[in-house]
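Chains, contacts and geometry: an overview
Listed below are the residues making up each chain.
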Amino acid sequence: MASLHNGRRERFAQELTKGKSAAEAYVEAGYSGSSKSMQEAASRLSRNVKVQPRVAEIQQRGAERAEITLADVTEHLKRIAAAAEEEGGAPGLSVARAAWMDVAKLNGLVVDKSESVSVTHTITDKPMSDEEWAAEYGEGWDRAS
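None of these values were measured; they are calculated from a predicted model.

1. Some remarks on the overall build of the chain
Assigned secondary structure in the chain consists of 6 helices and 0 strands. Its helices and strands in sequence order give the chain the pattern α-α-α-α-α-α, from N to C terminus. In terms of C-alpha radius of gyration, the chain reaches 30 Å, well past the compact-globule figure of 15 Å for 145 residues. Taking the principal axes of the C-alpha coordinates as reference, the chain spans close to 85 × 60 × 20 Å.

Written out as structure tokens, the structure reads:
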């Protein structure tokens, strides 16, 4: 099925496939009206015999693209890794390792994690008492060392 001949209906179908509600898609497509009549018209249009198949087609194409893209990228990275391994040497093995890590990340086997640590230091011209020192650093710490 090609694009709908009515431009606003085509835009409505596209907005629905982006996850917008029927009312939101209706407004994005350029339709207007009172709130209640707009809700009713949007609901009617979402059930339209030409709009429903178009929405299904757009969703199917998106699913196929996403599936093919993941599989294609994974396969391409695997070919790069294999060719780099055959080349050998430090540069080739480095490329192979990077390609295999990309395959693992792309397929959810490795997750990059970072840790953010916030430290606050208080600067004062008043020295700490022995009790404050013990509370901050624990018993057994020698202040002189």
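2. Focus: helix α4 (residues 51–87)
The end-to-end C-alpha distance of α4 is 54 Å, a good match for the 54 Å that 37 residues give at a rise of 1.5 Å each. When α4 is considered as a whole, its buried residues turn out to be Val51, Arg54, Val55, Glu57, Ile58, Thr74, Leu77, Ala81 and Ala84. Once α4 ends, the next one or two residues include Gly88, with phi positive near 70°.

3. Some thoughts on helix α1 (residues 7–17)
All of the buried residues in α1 are Glu10, Phe12, Ala13, Glu15 and Leu16. Close packing links the buried residues of α1 with α2 (22–28), α3 (35–46) and α4. The backbone nitrogen of Arg8 has a side-chain oxygen 2.9 Å away, supplied by the residue at the start of α1, namely Asn6. Count one or two residues on from α1 and you reach Gly19, which has phi positive near 100°.

4. Some details on the pattern of salt bridges
If the charged atoms of two oppositely charged side chains come close together, the side chains can form a pair. One pass over the structure, following the stated rule, counts 9 salt bridges. Between Glu132 and Lys126 there is a salt bridge, and its shortest N-O distance comes to 3.9 Å. Classification of Glu132 by relative accessible area gives partly exposed; the value is 35%. The structure contains a network of salt bridges with shared partners spanning Arg11, Glu15, Lys18, Lys20 and Glu28.

5. A closer look at the packing of α1 against α3
Where α1 meets α3, the closest approach of the two axes is 11 Å, and the angle between their N-to-C directions is 85°. When the axis of α1 is compared with that of α3, the two are roughly perpendicular. Where α1 approaches α3, its residues Arg9, Phe12 and Leu16 are matched on the opposing element by Ala42, Leu45 and Ser46.

6. Some details on the packing of aromatic side chains
In this structure the tally under the stated criterion is 2 aromatic pairs. With a centroid separation of 6.4 Å and an interplanar angle of 90°, the aromatic rings of Phe12 and Tyr26 are classed as edge-to-face. Taken together, the residues span a long stretch of sequence, with Phe12 in helix α1 and Tyr26 in helix α2 at a distance of 14 residues. The class for Phe12 is buried, based on a relative accessible area of 0%. Relative to Tyr31, the ring of Tyr26 has its centre 4.4 Å away and its plane inclined at 15°; by these criteria the two rings are stacked. One aromatic cluster is present, formed by Phe12, Tyr26 and Tyr31 through successive ring pairs.

Calculation rules
- Residues numbered from 1 in each chain as written.
- Predicted model: local features only at pLDDT ≥ 70, side-chain atom pairs only at ≥ 80, totals over all residues.
- Heavy atoms only, no water.
- Helix = DSSP H or I, 4+ residues; strand = E, 2+ residues; numbered from the N terminus.
- Rg over C-alpha atoms; globule rule 2.2 N^0.38 Å.
- Expected span 1.5 Å × (residues − 1).
- Buried < 20%, exposed > 50% of the residue type's maximum accessible area, 1.4 Å probe, protein only.
- Contact = heavy atoms within 4.5 Å.
- Polar contact = N/O pair within 3.5 Å; in protein donor to acceptor, adjacent residues only side chain to side chain.
- Salt bridge = Lys/Arg side-chain N within 4 Å of Asp/Glu carboxyl O.
- Axes fitted to C-alpha atoms, helices over the stretch in contact; angles between N-to-C directions.
- Parallel < 35°, antiparallel > 145°, perpendicular 65-115°, else oblique.
- Phe/Tyr/Trp six-rings, centres within 6.5 Å; stacked < 30°, edge-to-face > 60°.

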